[in-house]
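# Architecture at a glance
Chain by chain, the residues:
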Amino acid sequence: MVRFSDPKTPYHKVPPEWLPAYEAHIRVVERQVAVVAAWVLLITVTLYQFTHEFRIAHRPDLWLTEFLFRAPVLASALLTLISHYTGKPLCQSRHLLRVMGLSVMVMILALFLVHYNGRSADTYQITNGMVISFFGVAILSVRGPKEWWLMFFMPLAIFLLVARRKGFAITELLPFLFDPLVMMVIGLVMSEALRQLRVGEFLARQQLRQQATTDQLTGLLNRRAMHHLLEQEHARAKRYGSTYSLILGDLDNFKRVNDRYGHNIGDMVLQETARRLGLHMRTEDALCRWGGEEILMLLPETDLEGAMQVAEKARLSLANEPMLTGEHSIPQTISLGVTNCYGLDDIESAIKRADDALYQAKEKGRNRTEAVASTHSDNSSIKHQT
């Protein structure tokens, strides 16, 4: 479990176990930004193309040239909107943002070279357009600095090479580029600040979600979260006619540990139990602290025999090696009850069968694995291992 108070986990850094969720969060943000940006570009670029006379920038000889440079921007905006509203073609918003950003940079830098003639009055409007464009493209870089090379530095490098080939000196262009470059820096700073805010918001929300679904002591799922997973797995088993299994475990004589060593040591035993049991779980399995010293395992797509094997490995992981808690070496065993479940079962009866099997393990001497099969299975007999 990740805590923000851990100095090894900076607030702005996403822990590895949360990266898939963060990636999904960023994809949602990118989709929202891409749609807004597409509408803005579609409207503003069209207005700029057809309002030369109103802006006192009428150059009939350049109308077609300007349109050719603006066409990729309009096309990328239209593609983004079509993809968003129809789902075809299915394009990732990250790529659409890059295409829109690059097309805007190519457009505005090309138009600057087309209109530049060394006189401030004649390049005033295109310089203003560069200020607006540089800031807007900075906002499109949702993923932060990793996008800047593609969005800005590569187009600017190509622009400078083309400008030199056309005979323009860098010092000659710098007065016209100064304001746009300053706005680019401001935009990048704001883009990074927004990214950090998004990361912070995600981490705070993720921590709240984890606190609501995770046992704070062991880091395992809590009972509420496990119930939700059980409902999902049971619905899937009912729909597809599949099976899953439950393993309910209870630490043997755990009260003696608390009475003899204190609750702090007892907490360490619970934490170590969770760690050892987790070693035998697959990615799709779920491990829950069901109650005080009770553990519940959910094993999707697992029959009774497979669940018995997992339970035995879990039992032996505790029984074969004492737990080292500070200066104490504490032998700790666990009793386990196993059952298999089908869609025809109900969740409460499945948990009760696992509890009945656990009771048998306790009655037969503890440190055992017992099983009660579902009445809907071909084999409803009780199995046990020691």
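In short, a report on the structure. (Residues numbered from 1 in each chain as written. Predicted model: local features only at pLDDT ≥ 70, side-chain atom pairs only at ≥ 80, totals over all residues. Heavy atoms only, no water.)

Helix length check: helix α7 (residues 223-240), at 18 residues, gives a terminal C-alpha distance of 26 Å against a target of 26 Å (1.5 Å per residue), a fit within 8%. Within the sequence span of α7, burial applies to Ala-225, Met-226, Leu-230, Glu-233, His-234 and Ala-237. On an axial view of α7, the arc spanned by its buried residues comes to 165°, and they lie on one face. Facing away from the buried surface of α7 by more than 90 degrees, the exposed residues are Arg-224, Lys-238 and Arg-239. Turning to α7, the residues buried within the fold contact α6 (170-213), β1 (243-251), β2 (286-291), β3 (294-300), β6 (334-342) and α11 (347-363). Positive backbone phi, at 70°, marks Gly-241, one or two positions downstream of α7. (Helix = DSSP H or I, 4+ residues; strand = E, 2+ residues; numbered from the N terminus. Expected span 1.5 Å × (residues − 1). Buried < 20%, exposed > 50% of the residue type's maximum accessible area, 1.4 Å probe, protein only. Arc of directions from axis to C-beta. Contact = heavy atoms within 4.5 Å.)

Turning our attention to a nonpolar patch on the surface. On the surface, a nonpolar cluster with roughly 510 Å² of combined accessible area is contributed by Phe-50, Trp-63, Leu-64, Phe-67 and Leu-68. In this fold, Trp-63 is placed in helix α2 (residues 63-86). Accessibility expressed as a relative area gives 33% for Trp-63, which makes it partly exposed. (Patch = residues over 30% accessible without salt bridge, like charges linked within 9 Å, V, L, I, M, F, W, Y side chains within 5 Å. Areas by Shrake-Rupley, 256 points an atom, 1.4 Å probe, with all protein chains shown as cover. Salt bridge = Lys/Arg side-chain N within 4 Å of Asp/Glu carboxyl O.)

Residue pairs spaced three or four apart in an α-helix point in one direction, given the helix's 3.6 residues per turn. Here helix α9 (residues 263-278) spans 22 Å end to end across 16 residues, near enough to the 22 Å set by a 1.5 Å rise per residue. Among all positions of α9, only Ile-265, Gly-266, Val-269, Leu-270, Thr-273, Ala-274, Arg-276 and Leu-277 are buried.

Every regular strand shows the same layout, with side chains that alternate between the two sheet faces. Counting buried positions along β1 yields 9 of 9 residues, so the element is predominantly enclosed. The side-chain alternation of β1 yields two buried faces, one formed by Thr-243, Ser-245, Ile-247, Gly-249 and Leu-251 and the other by Tyr-244, Leu-246, Leu-248 and Asp-250. Where β1 and β6 come together, 9 bridges link them in antiparallel fashion. Within the sheet, the bridge partner assigned to Thr-243 lies in β6 and is Tyr-342. Bridge analysis of β1 against β3 gives 7 bridges, and the strand direction is antiparallel. (Pairing = 2+ DSSP bridges.)

What follows deals with unusual backbone geometry. Look at Asn-253: it is not a glycine, yet its phi comes out positive at around 55°. Residue classification places Asn-253 among the partly exposed positions, given a relative accessible area of 31%. For Glu-301, which is not a glycine, the phi torsion comes out positive at approximately 50°. On the secondary structure map, Glu-301 appears in the loop between β3 and α10 (304-319). For Glu-301, a relative accessible area of 47% translates into the label partly exposed.

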